[in-house]
Amino acid sequence: MRATNATFKLGIQFESWKELGDKYFHSFGTTGKDTLITEFIHFWLRGRELGIAKDFGDYCVEYKAALEGRCSAKEGAPLNYAFHLDAGLYAQFLQKRAEAAGAKRVEGKIVDVIQDVNTGYINRLTLDSGDVVDGDLFIDCTGFRGLLIEQTLHSGFEDWSHWLPCNRAVAIQTEAVSPPPPYTRSVAHNAGWRWQIPLQNRVGNGSVYCSHYMSDDEAAKHLLEEVEGKPLTEPKFLQFKTGRRRQCWNKNCVAIGLSSGFIEPLESTSIHLAMTAITRLLQLFPSGGICQSVINEYNRQADTEIERIRDFIILHYKATERRDSRFWRYCGQMKIPEELAHRINLFRESGKSYQVESELFRLDSWMQVMLGQGIVPESYHPIVSTMEARELKAVLGNIESHVNQSVSALSRHDEFLKLYCSSL
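Residues numbered from 1 in each chain as written. Predicted model: local features only at pLDDT ≥ 70, side-chain atom pairs only at ≥ 80, totals over all residues. Heavy atoms only, no water.

Asks: In this structure, what is going on with helix 1 (residues 40-50)? I would like to understand it.
Replies: Note on helix geometry: an α-helix contains 3.6 residues per turn, so any two residues three or four positions apart are oriented the same way. Burial runs high along helix 1: eight of the 11 residues are buried. Turning to helix 1, its buried residues number three or more, namely Phe40, Ile41, His42, Phe43, Trp44, Leu45, Arg46 and Gly47. On its buried side, helix 1 packs onto helix 8 (338-350), helix 9 (363-372) and helix 10 (389-408). (Buried < 20%, exposed > 50% of the residue type's maximum accessible area, 1.4 Å probe, protein only. Helix = DSSP H or I, 4+ residues; strand = E, 2+ residues; numbered from the N terminus. Contact = heavy atoms within 4.5 Å.)

If you want it as structure tokens, here you go:
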């Protein structure tokens, strides 16, 4: 954290996503306490009907801690958290660690890819220096170009732009004007959304937008009007297309990172997907030689993982009441994947949700976003009606009291950073 100017992240505050001026919070914690038969949300729904339940987030430590600017990583602190970090510094940090462990780094531009004439496997790479890199297994980390996985092996790309239409971003760094809060801000605008990410030494800002509804000049102008603090950099523009490689592992090449696909940065999943891809490769590493069954299993797991994340991101756009711009009217009316439509209908009609194996976003995440976006269950599990109102009130009160006590015991986020991992 010192090496990357990092801060803690307890969740994301979404602003103007459901409707203009509205706010809700997606925390990384557990809300309430589940039972064997049903989840806490059903008790909360019953309590709300009786007028004895508070806001859903009041029963979550991470939610209350984030809004009060508290966070601690001390042993015993009851928190689930992620990190805000400088990705460039993180890459440098990992490079030093890898080289210290014996990895050899060769600089150069790839000018030719030599394949086996019979199998199509990649045998070697030729660099512009004339150096040749031989290998049995190649990992393509060439970003959106997919120099090996696509330009050489033609693995195919599945375009998801019809579900996730944003295809541009502009980013700028600014001076910090206040202590860093332990959460990200995501503020929707007429053609997408903008982020605000606090680091120890600065604030990262950016706007994600669809070029069909907003020009680059308009995006930069809007971002500069909204940022707080003096700009430290000039606006930097990025282009991308949402989608996934049809084969992340093809022959003797594995695509990791942007070369394998990209889901826009709304829930900050790119580094996570790279880490899980590396873990998956280590688990299925072809030490005895490459075989098709292992390739198929790797691709099956990769497909399942990214599809579940894709659906969660689409949820934010689809479940909106905004109709104030062409962009939001498109999102509200677009047809969505069948699995996501089922999840939404299941939650709306019964308050139920589910989580499949190895899914990144847990039940709490799905429920918080669906509630925040205005999808309110029409019913709850009948078992909660067997609890008398005074008993339910006591249970809810005890949970709230535990949350408040846990939060009050936490340090201020900025104070803990100074003690734990200050990079300033």
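Asks: Just to check I follow, could you spell out the nonpolar core for this structure?
Replies: The nonpolar side chains of soluble globular proteins are, as a tendency, buried together. Counting residues in each nonpolar core, the largest one holds 73 residues, and the members touching the most others are Trp17, Ile41, Trp44, Leu315 and Tyr317. When residues in this core are grouped by element, the largest group, seven residues, is from helix 6 (residues 292-318). Grouped together as the second largest cluster of nonpolar side chains are 11 residues, Cys248, Trp249, Tyr298 and Ala302 included. (Core = buried A, V, L, I, M, F, W, Y, C linked by side-chain atoms within 4.5 Å.)

Asks: What should I look at first to understand the packing of aromatic side chains in this one?
Replies: Working definition: an aromatic ring pair is given by the centre-to-centre distance plus the angle between the planes. By the definition in use, this model includes 25 aromatic pairs. Judged by centre distance (5.5 Å) and plane angle (90°), the ring pair of Phe144 and Phe262 falls under edge-to-face. Placement of the pair is Phe144 in the loop between strand 8 (138-140) and strand 9 (157-159) and Phe262 in strand 18 (residues 261-262), with a sequence separation of 118 residues. Classification of Phe144 by relative accessible area gives partly exposed; the value is 41%. An angle of 80° between the planes, with centres 6.0 Å apart, marks the rings of Tyr317 and Phe327 as edge-to-face. (Phe/Tyr/Trp six-rings, centres within 6.5 Å; stacked < 30°, edge-to-face > 60°.)

Asks: So what exactly am I meant to see when it comes to the packing of helix 6 against helix 8 here?
Replies: Two measures define how a pair of helices packs: the angle their axes make with one another and the distance between the axes. Packing of helix 6 against helix 8 brings their axes to within 10 Å, and their N-to-C directions diverge by 55°. As judged from the angle between their axes, helix 6 and helix 8 are oblique. In this structure, helix 6 crosses over helix 8, and the sense of that crossing is right-handed. Seen from helix 6, the contacting residues are Arg308, Asp311, Ile314 and Leu315; seen from helix 8, they are Glu339, Leu340, Arg343 and Ile344. Of the residues contributing to the contact of helix 6 with helix 8, the split by class is four nonpolar, no polar and four charged. (Axes fitted to C-alpha atoms, helices over the stretch in contact; angles between N-to-C directions. Parallel < 35°, antiparallel > 145°, perpendicular 65-115°, else oblique. Left-handed = near helix turned anticlockwise from the far one by under 90°. Nonpolar A, V, L, I, M, F, W, Y, C, P; charged D, E, K, R; others polar.)

Asks: Hey, could you run me through the pattern of salt bridges in this one?
Replies: It is possible for side chains bearing opposite charge to pair when their charged atoms get close. If you walk through the whole model with that rule in mind, you get 23 salt bridges. One salt bridge in this structure joins Arg343 and Glu359, with 2.8 Å as the shortest N-O distance. Residue Arg343 is located in helix 8, and its partner Glu359 is located in the loop between helix 8 and helix 9; the two are separated by 16 residues in the primary sequence. Across the pair, Glu359 and Arg343 agree in class, each one buried. Between Arg390 and Glu388 there is a salt bridge, with its nearest N and O atoms 2.6 Å apart. Among the charged side chains, a salt-bridge network with shared partners connects Glu158, Arg244, Arg246, Asp303 and Glu307. (Salt bridge = Lys/Arg side-chain N within 4 Å of Asp/Glu carboxyl O.)

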